[in-house]
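Report on the structure
Given next are the chains, with one letter for each unit.
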Amino acid sequence: MRKIMQVRKIYEKYIAMTVGSIKLYTFSMRVKDLVKISYVAVRGRDEEEGAVQRVLNKKRISSIKQYILDGNMFVNTFVINWNDEKYMPEISDFEIEIPLVDSVAQLIDGQHRLEGLKEALKADDSISEKRIMVSMVIGLKTKDAAKIFININSEQKPVPKSLIFDLYGVTDDDKNFAIIRSDDIAKELNENVDSPYYNLIKYPGSPRGKGKIDLSTVVTTLKKYVDLDGKFVDNNIKDLDFQSQIIVNYFTALKYYWDEEDLWGNSSQNIFFKASGFVAALEFFFEYVFPKCVEKKSFKLDYLISLFDFSDISLITNSDIKGTDGKTARKMIMDNLKEGLKTEAPEENEYEY
């Protein structure tokens, strides 16, 4: 006789509330139980309903891990979307019964916190018994899950405006999409501590001397590439996080070489702290570097660095373009970058005659 597998369950007191048409159940549970039942569906990568989470930031996870190991725990709730129809929670007037089954609930909010907890668990197993607050919804579709995600993150911190396009989808009617997306990438360049332009984008109203590249320059240059008929979308790179990371990686690769000559930190000589240098660098990237990355299917920093070799080339500086007009300066900068870009000619026996 075949033995029926018993599913272990936990029982928790809950508080129920309705937000609009969405019913939420809030309760506490142990860290190890949330780790067991939850999983992450990432927008732009996973096709299933409810996928709204973003790509992980490893640096953020590391800082959360240390925060937990220092004896701290979270007050704000984790939000999950239960979407497994085989094993369903049972809700009575006072208690909620939760089946402890692997990966039955999407994590809508708290992805980085949970990954930080998982990393902390590797160093201190006792964390698995600590209790955290969880808010659960049942069977939400992507649009409603996105509403919750944006609602939560709008309260905690400003959400990139173009994130809404990623969550709900983009149509040709979104006339301001390119400007909004470019503005969000500029914000990432300015606020990401790993960005070569960290705190260097000059916003309207900024004090004199604050920033190197005007926000208008960044937005005007980027918008034709991020638009619905631009290079990114044409190559199925539609997600804000991916687009931002690609731009950050590219300028980090250039910084790698300009740092070798102590030029990146030299404000008076760094060509990329000038509008002409920023514009030329992006035009060069999308014309010459982007196709190589698409062919290789890689925009990783190491690969971008490997595409260049400036060992026998003098890096262009602001002194070299002094007195030239903008068009001439951009051409000189692009020519310098082109000199450093490796060319990979086929071997003679690879040609067909």
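Now for a look at the structure at hand. Keep in mind the model is a prediction, meaning the values are calculated, not measured. (Residues numbered from 1 in each chain as written. Predicted model: local features only at pLDDT ≥ 70, side-chain atom pairs only at ≥ 80, totals over all residues. Heavy atoms only, no water.)

1. Quick word on the sheet that holds strand β5 (residues 78–82)
Spatially, the six strands line up as an open sheet ordered β2-β3-β9-β5-β8-β4, and their pairing is mixed. The open sheet terminates on both sides in strands that have one partner only, identified here as β2 (15–19) and β4 (38–39). Pairing between β5 and strand β8 (residues 105–109): four bridges, direction antiparallel. By the bridge assignment, asparagine 81 is partnered in β8 with glutamine 106. (Pairing = 2+ DSSP bridges. Helix = DSSP H or I, 4+ residues; strand = E, 2+ residues; numbered from the N terminus.)

2. A word on the nonpolar core
Formed by 57 residues in total, the largest nonpolar core has its most connected members in Tyr197, Tyr250, Trp258, Phe272, Val289 and Phe308. The residues contacting tryptophan 258, other than those within four sequence positions of it, are Leu263, Trp264, Ile271, Phe272, Phe310, Leu315, Ile316, Asn336 and Leu337. In this structure, Phe27, Phe74, Ile132 and Val134 belong to the second largest nonpolar core, which totals 29 residues. (Core = buried A, V, L, I, M, F, W, Y, C linked by side-chain atoms within 4.5 Å. Buried < 20%, exposed > 50% of the residue type's maximum accessible area, 1.4 Å probe, protein only. Contact = heavy atoms within 4.5 Å.)

3. Quick word on the side chain of aspartate 109
Within the element layout of this structure, aspartate 109 appears in strand β8. A polar contact of 3.0 Å, which involves the side chain of aspartate 109, links it to the side chain of arginine 113. (Polar contact = N/O pair within 3.5 Å; in protein donor to acceptor, adjacent residues only side chain to side chain.)

4. Some remarks on the packing of helix α6 (residues 177–191) against helix α9 (residues 240–260)
To describe two helices that pack against each other, one gives the angle between their axes and the distance between the axes. At a minimum axis distance of 10 Å, the contact between α6 and α9 shows a crossing angle of 55 degrees. It follows from the interaxial angle that α6 and α9 lie oblique. Classified by chirality, the crossing of α9 by α6 is right-handed. Across from Arg181, Asp184, Ile185, Glu188 and Leu189 in α6, the residues of α9 making contact are Leu240, Gln243, Ser244, Ile247 and Val248. Each residue belonging to the contact of α6 with α9 can be placed in one class, and the counts come to five nonpolar, two polar and three charged. (Axes fitted to C-alpha atoms, helices over the stretch in contact; angles between N-to-C directions. Parallel < 35°, antiparallel > 145°, perpendicular 65-115°, else oblique. Left-handed = near helix turned anticlockwise from the far one by under 90°. Nonpolar A, V, L, I, M, F, W, Y, C, P; charged D, E, K, R; others polar.)

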